[in-house]
Structures are given as structure tokens and as C-alpha cells.
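Notes for the structure review
Below are the chains, spelled out letter by letter.
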Protein chains: 2
Amino acid sequence: MRLIVAHCEVHYRGRVSSVLPPAVRLLMCKSDGSVMVHSDAGGYKPQNWMTPPTRIEESAERIVVEKGSGKALERLEIHITEILSDVTHAMDEGPRLEKDGVERDLQEALADSPQALAEGLRLVRREYPTPIGPVDLMCADADGYLAVEVKRVGTIDAVEQLTRYLEYIRAERGLETCRGMLVAESMKPQARTLAVARGIDTRTVDLAELRGLREPELTLFMP
Amino acid sequence: MRLIVAHCEVHYRGRVSSVLPPAVRLLMCKSDGSVMVHSDAGGYKPQNWMTPPTRIEESAERIVVEKGSGKALERLEIHITEILSDVTHAMDEGPRLEKDGVERDLQEALADSPQALAEGLRLVRREYPTPIGPVDLMCADADGYLAVEVKRVGTIDAVEQLTRYLEYIRAERGLETCRGMLVAESMKPQARTLAVARGIDTRTVDLAELRGLREPELTLFMP
DNA sequence: CGGTAGATTTCGTGA
DNA sequence: TCACGAAGTCTACCG
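To keep things clear, this report deals only with the structure shown in the data block. (Residues numbered from 1 in each chain as written. Chains lettered and ligands numbered in written order. Predicted model: local features only at pLDDT ≥ 70, side-chain atom pairs only at ≥ 80, totals over all residues. Heavy atoms only, no water.)

**Considerations on the protein's contact with DNA strand D**
Cut-off, in case you're wondering: One heavy atom within 4 Å of a molecule or strand is enough for the residue carrying it to be called near that molecule or strand. In protein, a polar contact means a hydrogen-donor-capable atom and an acceptor-capable atom, both N or O and within 3.5 Å, with residues adjacent in sequence counting only if both atoms are side-chain atoms; elsewhere, any N or O pair within 3.5 Å suffices. Secondary structure counts use DSSP, requiring at least four H or I residues in a row for a helix and at least two E residues in a row for a strand, with both numbered from the N terminus. Amino acids outside the nonpolar list (Ala, Val, Leu, Ile, Met, Phe, Trp, Tyr, Cys, Pro) and the charged list (Asp, Glu, Lys, Arg) are all regarded as polar, and Gly is one of them.
Taken together, 22 residues lie around DNA strand D, and A:Trp49, A:Gln190, B:Lys99, B:Lys151 and B:Arg152 are the ones closest in. Among atoms of DNA strand D positioned within 4 Å of the protein, sugar and phosphate together represent 76%. One of the side-chain nitrogen or oxygen atoms of A:Glu74 is found 3.3 Å away from a base nitrogen of DNA strand D. One of the side-chain nitrogen or oxygen atoms of B:Lys99 is found 2.6 Å away from a phosphate oxygen of DNA strand D. Breaking the surface near DNA strand D down by element, the ones donating at least two residues are β4 (48-50) and α3 (189-197) of chain A together with β11 (144-154) of chain B. Counting residues per element, the surface near DNA strand D draws most heavily on β4(A), at three residues. Considered class by class, the residues forming the surface near DNA strand D number eight nonpolar, five polar and nine charged.

**Side note on the interface of chain A and chain B**
Formally: Between two residues, a contact is recorded if the distance between any of their heavy atoms is within 4.5 Å. As a working definition, buried area equals the accessible area (1.4 Å probe) given up by two parts on being put together, with both sides summed. Here, a salt bridge means any side-chain nitrogen of Lys or Arg that lies within 4 Å of a carboxyl oxygen of Asp or Glu. A pair of strands is considered paired only if DSSP assigns at least 2 bridges between the two.
Opposite the 66 residues of chain A that make contact, chain B presents 66 residues. Roughly 5700 Å² is buried in total at the junction of chain A and chain B, and carbon and sulfur atoms are behind 59% of that figure. At the surface where chain A touches chain B, the tally comes to two salt bridges. Viewed at the interface, chain B and chain A are joined by 24 residue pairs in polar contact (both at pLDDT 80 or more). Secondary structure elements with two or more residues in the side of chain A that touches chain B: β1 (2-13), β2 (17-29), β3 (35-38), β4, β7 (74-88), β8 (98-100) and α2 (156-169) of chain A. Here the side of chain A that touches chain B gets 12 residues from one element, more than from any other, and that element is β2(A). Here the residues of the side of chain A that touches chain B are counted per class, giving 30 nonpolar, 17 polar and 19 charged. Looking at chain direction, β8(A) and strand β2 (residues 17-29) of chain B are connected through three bridges and run antiparallel. Each residue of the ladder has a partner; that of A:Asp100, found in β2(B), is B:Ser17.

**Focus on the relation of the copies chain A and chain B**
For the record, the criterion: We superpose the copies by least squares over the C-alpha atoms of residues that have a pLDDT of at least 70 in both of them.
Once chain A is rotated about the relating axis by 179° and shifted along it by 0.0 Å, it coincides with chain B to within an RMSD of 0.4 Å. Look at the turn and shift together and you get a two-fold axis relating the two. A shared interface surface links the copies, since 100% of the contact residues of chain A are contact residues in chain B too.

Bear in mind that shape data such as this cannot, by itself, settle questions of function.
Set out below in C-alpha cells:
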């Protein structure tokens, strides 16, 4: 990884046009072709960047990064006034990040414990297919079928998504009365409101609790 | 800005749990409290990070970054095995990025030239309010009213959004027959399909052309 | 390669 | 502070 600290001005033209007036910034060039321009503030995001694959052309006072072609051409021009530091560090790209607690994990926990959503509820199948994509969980109880959409955060979009699924599901024979439920770890008020209007149930759950229903939690902890 | 290159292991616990096995990485600490862990590949995103406001606690072999409290507590622990480099660079935070070509600019151009969407179309008002948020443009011609949703990229979500707006608009007196149009610089085929099914018009436009209708383009160029 | 859905989305804005 | 919508979203996955 190459780290350049330099006084520079940056122009980008592609999906939008942007100008970054002259100032001292960090230029990060990764070995995969990524180039990022970071200022000392502004948090997470680079002020400008280009993701791989890129074509990089460098001269004494200019670094030009390009990507795509024709109408999709993107171009990042870094005009360097003064270089304050320019170092390269060898870094074998380490192992991948291991995550736990993403939507997939929530879906698995619910597939294991559907009764947490409603008494007597059982899993029919995960990823129940529809023409526009799979519903996370198809369940059933004495009252009939229940299509469950799982999210980490319940939003209006999730309600819309489930609504579209239900349209197709209810067109199937034997599923005309299939109900819908949006399950999330946190629920936006407006999502709940829209869900009520659509006759869709909402439910908030806790991943750790769900797992506790099954077995002692066996996951990643802080040391 | 402080740049540390170190062999380290990182644990995050908060919105999810994650473990980053030991390897050589770049630790970027900005003066606003941001902390990012970058590997040499993986493009744009840091492998781990914490956005401000943060509480940072540092000892010889450990950097702990915390944020929030109670249920919303997030904690990033960086265990350092070996420091290969540790430098700090003074950087006055430069001026903001100036952008052109974002959705706002498109909306302004269309507000100036509604006739580009349909002959004889005139603007009634921008940001026409509904109970669930404002419609970008409310226009009218001899055939009646037209609600216009403006996007840079036309997607299914945009069609859904406009559909919701139209529901409320058509509930108003005098607007029962209001039509809808999705305008974008590029349109996803599936968005077009859904729009047709909903009786919503779609239209692609070019920002530079729109501006050309009014006056010679006066905007940001690459040098 | 295009489309979709998820993300520790982040980030801005307006109420 | 909260909630919503845009973003050069980015990224993984699936066809």
C-alpha cells in the first residue's frame, strides 16, 4: 500500500462532476488498484476515490485514474503541488473479516425457532421462491400459511418488498389466504404504519434471545 | 491525521459482531475521531471502522474505540502485535467538495424546462407536499395535472415511491385524475416495466441537454 | 455483464 | 434528536 501526503487539487468527472480545491490530503493507493483521497476530517468516506478495476497513469505532478470507457468513462485527476511524504508498505492481504449478526444469521435463527413468531408456527421452507425473488421464510400454523420477510432494520421498503411477494404467492393455488409478517431487530415507525395499512403483521425480535431458545449462545465475543 | 502500519487483530461488537484475524494493516485515525482499519486490498471500504463521535483509549498494545452507550454501545478493539510505522501529519481540513450533476441539479433543470417532458407542460410547484413527503415537481398541461418524480437512476423503488405519492395526491379534490411520470438520466428496464403496469410514464433526459435548452452550459469541467 | 438486495451502509437535511 | 431519502453509494450474489 502506498501512502502519499500531498498538497493537491482533485477533479472527478463521471457519474457526477466534482472539484476538490487545493489542500493537504492523504492519497491511499492499494495494490488492487483502488485510489482514495482522504482529508483529516469527514469520517468514513474519502473525499474522492476510484474503485478497481482502474487504469493509473502517473507523472511528476499528476496522477490520473481512469475506469470504464465510452459513456461510462470515469476519470479522477489529482494535481499535486507538493509532496510531503510518499511511503510504500508491504502488506500481505490478510484473512477475511468474519461477521456474525447480519440478516442471514437472523434468518437462520428464525428458521430454527419459528414458534418465537407465533405459537404453533412451523417452518415450511426457507427462501420460498416467487417469480420476483425468494421470500425469506414460508411458515404455517393451524390458521394457514404465513410468509415472513426478515430484516435487520424494518423499513417501508421492506413492507413494499413483502407486499410484492404476497401478490405472487396469493396467486398460487392453496395460498390464496397466505398472511404476511415483517420481522426485524428494529422497526421504523413508518414501516409499522404502512404494514398495518397493508394488513401485514410486524414483529421485533432479538437475535441473542432467539438463539437462547435453542441452545447456549455460541458465538463471537469480545475478548 | 495519524497513520499507523501495524500487525494487529481487530474485534468489533455493536450493530454486528466481527473478528479480523491478525495481519499487517493500516490504521487511520482522523482528528475528528474517526478510526479506520484498511487492508491493502478490498477497495473502498475499511475492514473495520468507527465514525465520530468516538471515545478513544490507547495503551502500548491496544487501541479501544467506543461510541454510544447502553444498548447502542459500539466497541472496536485493536490489539497491536507489532508497530511497523507510526506517523502523524498536520492537515488543515481543506474546503468542501463541490459537486454538480446530483439529483437536485436535475430537478432544478427540469423545473426550468418542464416543456422538455411534454409539449405545453408548465410547472405548478416544486416539492409539492403530500402526507408522506414532497413530490419533486407538480406540473400541468391541457390534459390536467402531472406529478413528476426525478431520479438520477430510475429504479423499481422510485416507481413504488411515486405510486405512494399518487395515492395521496389523487385523494385531493381536483387532483383525482393526476398522472405520474418518472424522469431519470438512466432507467432500469424493470423500473420501466413496473411503471407501465402502474400506468406511470417514464422518460430519460440528459442534464447537459436540458441546460442547453436554457442557456450555454456554465458548470464544472475537467481542466 | 446486468439486476437485486444487503450494509456496522454513510451522509445530509429538515422537522 | 430523530427520521427520511440520496449516494459517484459499495459489495456480494445470482442469472
